[in-house]
Amino acid sequence: MPALIELENLTRTYAAGDVTVQALRGVTLSIEVGEFVAIMGTSGSGKSTLMNTLGCLDRPTRGCYRLDGREVSGLSQDELAGLRNRSLGFVFQSFNLLSRTSALENVELPLLYAGVPAAERRARAQAVLVRVGLGERLHHHPSQLSGGQQQRVAIARALVGEPRLILADEPTGNLDSQTSLEMMALFRELVQGGITVVLVTHEADIAAEADRVIVMRDGSVLSDTQHQPLPARQAA
Amino acid sequence: MNLLFTLRIAFRALWRNKLRSFLTALGIIVGTGAVIAMVSIGEGAKARVEQSFAAMGTDLLVVMSGSSSSGGARGGGGSQPTLTWDDLRALRSELPSVRLAAPTLRGMAPVMSEEQNWTTQIVGTTPEHFEIRNWGMAAGVSLTQSDVDSSAKVAVLGQTVVQNLFGDQSDPLGQRVRIGNIPFQVIGVMEKKGQSASGTDYDDSVFIPASTYQSKIAPGPGKFIGGQIFVGVDTVRGTERALADITALLRDRHRIATGAPDDFSVRNLAEMASAQAEGVGTLSTLLASVAAVSLLVGGIGIMNIMLVSVTERTREIGVRMAVGARPRDILAQFLVEALALSVLGGLAGVLLGLAAAERLAAQFGWLMLVRSDIVAMALGVSAGVGVIFGLYPAHRASQLDPIEALRHE
């Protein structure tokens, strides 16, 4: 069974004025289905660029990125949009919910772009919100929800398209430590449900909740540590 | 992503900023409204001129006596009678391009019925007059040649005169009216004719035989006609030809030397009417183009607000892209938003313009004429304005880098 994510000698350079910034300098790694991975690193280490590349928001300058066995680097903008819609779910530090739009409609958003009919959209969005523990708050607007609740809506939005991979960029960055732990527990549940979760964090105690920690520095992988063995079904 | 869904997103976004959306659309509303109002009123004015010129008779020439001049003060057309009854007979018999000719002597006089009196225009003429002006009877009979020959004291009334002397109730036919002190018998009532372009009421007239007019109402020099000659042109030979023929005949009959000025004038009413219609048309085109400029300004307003909106909603665009919106989805969203603004603005503008035109028309007694092609065009143009001025902001939104957009504060 091929790995879910395979990176081969991935580089990404930016032209920032006259200076060329090398954000990624040849990253090679692979992530299996069902892994719970934390990427750590100081700012400027290239972890955000890596995350954006994994999320098909950014395209590598050189190197290979295979998502689920499919080469991604050469895809068109529309194809990338389709991948983001069907195969990926994003969770952001600042939640990024649409304001003045109910939790339910926020969660429906990916399904709208997938062309799912209205009734099914509503039912699926509602089911996912119930799953993340917000069944009572379907019609609340983001401004009426706490930070933790907003992040749960965001996770529901990431989940609703039934992706295989969830990418979370500092998902606990704006949350207090208690809520952060709840959020990590939620991610753990998802992993146990067979979804692969990759998150970026700079907090060691958050990273410790994951099974595998990849530390980035200056655009390269500094260390790659497996805390927990791969899920049994992978080993089998 | 279907259109209905895109429309819903667009309307929701517009509804969120109700006041701003309204103010943005206001440019289009005013622009379209102004175009519609101007064109409706302009077309109405043009139609009225055309109507009145049709009412006058399309192939009508008016021959007038020359002007008197004493001590340098010139008296104006017709002030010095030069046309004679013999001239009239010659016009009738000698010129094939003249189909009909009728003397038309006019003056104001009070007319009295049993109960009412009304000062109106008395027209002394012959039966041909009505045929030249293409004017039929509503009731009774018209003047006849024998009425003219016998200087009969009979009168045919216009509708306005009937209204004022007899009201709605009694039948004027056979009744007596007095013009000055002379009793006339009413033998007929003319059809309603309406107003001229300059507002003269054609129906405010009483028609009597020319001979009676000259002997009883305004006794004048026997051989001269104290008024004008209306000429109905033979349409096959044309107005130009008739004009030339009449001029040549009268110059010959009046023994005017080559090079000397005419002692009469011939006016071509059809020409005047079409010149007037053209003038009205030019004015309304001018007003409509000024209005069209405001439509353009409205479009720039839309572009401005859409650009602001794209900037404001950069993060939203980023989120939409992250969850799978393709560039064309974003493009469609903003384009439809601009289009919704401009089309709704256009619709409101059309309604407003029609209402304004109606108000103005009612207020000033103008005519308005709604042309559906102009309404369709105004809507089309406002939609076009939406697309043209919405395209750039929408394109800009669709080309945003999702990473940058998500980072946008």
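Note that the structure is a prediction, hence the values are computed from the model and not measured.

Peer 1: Run through the overall build of chain B, naming residues and quoting values.
Peer 2: A count of helical and extended segments in chain B gives 13 helices and twelve strands. Residues counted as buried form 42% of the 409 residues belonging to chain B. Contacts in chain B between residues far apart in sequence, at least 24 positions, make up 82% of those at least 6 positions apart.

Peer 1: Help me get a handle on the overall build of chain A, residues and values and all.
Peer 2: For chain A, the helix and strand inventory stands at eight helices and ten strands. In chain A, the proportion of contacts linking residues at least 24 apart, taken out of those at least 6 apart, comes to 70%.

Peer 1: How would you explain the environment of Cys56 of chain A if you had to name every residue and give the values?
Peer 2: All names here are of chain A. Tracing the backbone through its elements, the reader meets Cys56 in the loop between helix 1 (47–54) and strand 4 (62–67). Here Cys56 falls in the buried class, since 24 other C-beta atoms lie within 10 Å of it. Residue contacts for Cys56: discarding those within four places in its chain leaves Val72, Leu80, Leu83, Arg84 and Leu88.

Peer 1: Go over the sheet that holds strand 4 of chain A with me, naming the residues and quoting the values.
Peer 2: Residues and elements named next belong to chain A. One open sheet accounts for four strands, arranged 2-1-4-5; its pairing is antiparallel. Looking at the sheet topology across the chains shown, the edges are occupied by strand 2 (19–31) and strand 5 (70–71). Bridge count for strand 1 (residues 5–16) against strand 4 is five bridges, and the pairing is antiparallel. Looking at strand 4, one finds that Ile5 is bridged to Leu67.

Peer 1: Please give an account of the interface of chain A and chain B that cites residues and values.
Peer 2: Across the contact, 21 residues belong to chain A and 17 residues belong to chain B. Among the elements of the structure, helix 2 (77–86) and helix 3 (103–114) of chain A are those that each provide at least two residues to the side of chain A that touches chain B. Each residue belonging to the side of chain A that touches chain B can be placed in one class, and the counts come to ten nonpolar, six polar and five charged.

Peer 1: Mind laying out the sheet that holds strand 10 (residues 220–226) of chain A, listing which residues take part and the relevant values?
Peer 2: All names here are of chain A. An order of 6-7-8-3-9-10 is seen for the six strands of this open sheet, with the pairing classed as mixed. For this open sheet the edge positions go to strand 6 (88–91) and strand 10, each flanked by a neighbour on one side alone. The average angle at which neighbouring strand axes cross in this sheet is 15 degrees, direction not considered. Bridge analysis of strand 3 (residues 36–40) against strand 8 (residues 196–200) gives four bridges, and the strand direction is parallel. By the bridge assignment for strand 8, Ile39 is matched with Val200. Along the sheet, helix 6 (residues 177–192) makes contact with strand 3, strand 7 (165–169) and strand 8, crossing strand 8 at roughly 150 degrees.

Peer 1: Break down helix 5 (residues 147–159) of chain A for me, with residues and values.
Peer 2: Because each turn of an α-helix spans 3.6 residues, side chains separated by three or four positions end up pointing in the same direction. Residue and element names in this part refer to chain A. Over its 13 residues, helix 5 runs 18 Å from end to end, which matches the ideal 18 Å to within 8%, given 1.5 Å per residue. Taken across its 13 residues, helix 5 has ten buried, putting it largely inside the fold. Restricting attention to buried positions, one finds in helix 5 the residues Gln150, Gln151, Arg152, Val153, Ala154, Ile155, Ala156, Arg157, Ala158 and Leu159. In this structure, the buried residues of helix 5 make contact with strand 6, helix 3, helix 4 (118–131), strand 7 and helix 6.

Peer 1: Go over the environment of Thr179 of chain A, please, and point to the residues and values.
Peer 2: Residue and element names in this part refer to chain A. Looking at where Thr179 falls in the secondary structure, it is placed in helix 6. Residue classification places Thr179 among the partly exposed residues on the basis of 17 C-beta atoms within 10 Å. With 28 residues separating them in the primary sequence, Thr179 and Gln151 have C-alpha atoms 9.8 Å apart. When sequence neighbours within four positions are dropped, the list of residues in contact with Thr179 reads Gly147 and Gly148.

Peer 1: Describe the nonpolar core, listing the residues and the values that go with them.
Peer 2: Ile39, Val107 and Ala156 of chain A are the most contacted members of the largest nonpolar core, which has 121 residues in total. Non-local contacts of Ala156 of chain A, meaning those with residues more than four positions away in its chain, are made with Val107, Val128, Leu129, Val132 and Leu134 of chain A. Judged by nonpolar contacts, the second largest core, of 47 residues, contains Val123, Ala155, Phe166 and Phe230 of chain B.

Peer 1: Outline the pairing of strand 4 (residues 98–112) of chain B, listing residues and values.
Peer 2: All names here are of chain B. For strand 4 and strand 11 (residues 228–233), the ladder comprises six bridges, and the chain directions are antiparallel. Across the sheet, residue Val98 finds its bridge partner in strand 11, namely Val233. Pairing between strand 4 and strand 5 (residues 117–125): eight bridges, direction antiparallel. Residue pairing for strand 5: Val111 is matched across the bridge by Trp118. Two successive antiparallel strands, strand 4 and strand 5, enclose a turn made up of four residues. Where strand 4 and strand 8 (residues 176–179) come together, two bridges link them in antiparallel fashion. Bridge assignment links Val111 to a residue of strand 8, and that residue is Ile179.

Peer 1: I'd like to hear about the packing of helix 3 (residues 85–94) of chain B against helix 8 (residues 239–253) of chain B, residue by residue, with values.
Peer 2: Residues and elements named next belong to chain B. Where helix 3 contacts helix 8, the two axes come as close as 11 Å, and the packing angle between them is 135 degrees. With respect to their mutual orientation, helix 3 and helix 8 come out oblique. You can see that helix 3 and helix 8 cross each other, and the crossing is right-handed. In this structure, helix 3 uses Asp87, Ala90, Leu91 and Glu94 to contact helix 8, whose residues at the interface are Ile246, Leu249, Leu250 and Arg253. For the contact of helix 3 with helix 8, the residue count by class is five nonpolar, no polar and three charged.

Peer 1: If you had to explain the confidence of the model for chain B to someone new, which residues and values would you point to?
Peer 2: Counting all residues, the mean pLDDT for chain B is 86, and 93% of those residues have values of 70 or more. Scoring of the predicted complex yields 0.69 for pTM and 0.91 for ipTM.

Peer 1: Any details on unusual backbone geometry? Residues and values, ideally.
Peer 2: In this structure, Glu170 of chain A is a non-glycine residue whose phi angle is positive, near 45 degrees. Even without being a glycine, Asn134 of chain B presents a positive backbone phi close to 60 degrees. Positionally, Asn134 of chain B belongs in the loop between helix 4 (128–132) and strand 6 (137–140). Under the C-beta neighbour-count criterion, Asn134 of chain B is labelled partly exposed, with 15 such atoms within 10 Å.

Peer 1: I'd love a proper account of helix 11 (residues 327–364) of chain B, names of residues and values included.
Peer 2: With 38 residues, helix 11 of chain B should reach 56 Å at 1.5 Å per residue; the first-to-last C-alpha distance of 54 Å fits that figure. Where helix 11 of chain B ends, the next residue or the one after it, Gly365 of chain B, has phi of about 70 degrees, a positive value.

Parameters and conventions
- Residues numbered from 1 in each chain as written.
- Chains lettered and ligands numbered in written order.
- Predicted model: local features only at pLDDT ≥ 70, side-chain atom pairs only at ≥ 80, totals over all residues.
- Helix = DSSP H or I, 4+ residues; strand = E, 2+ residues; numbered from the N terminus.
- Buried ≥ 20, exposed ≤ 12 C-beta atoms within 10 Å, placed from the backbone.
- Contact = placed C-beta atoms within 7 Å.
- Pairing = 2+ DSSP bridges.
- Nonpolar A, V, L, I, M, F, W, Y, C, P; charged D, E, K, R; others polar.
- Axes fitted to C-alpha atoms, helices over the stretch in contact; angles between N-to-C directions.
- Expected span 1.5 Å × (residues − 1).
- Core = buried A, V, L, I, M, F, W, Y, C linked by C-beta atoms within 7 Å.
- Parallel < 35°, antiparallel > 145°, perpendicular 65-115°, else oblique.
- Left-handed = near helix turned anticlockwise from the far one by under 90°.
- pLDDT = per-residue confidence, 0-100.

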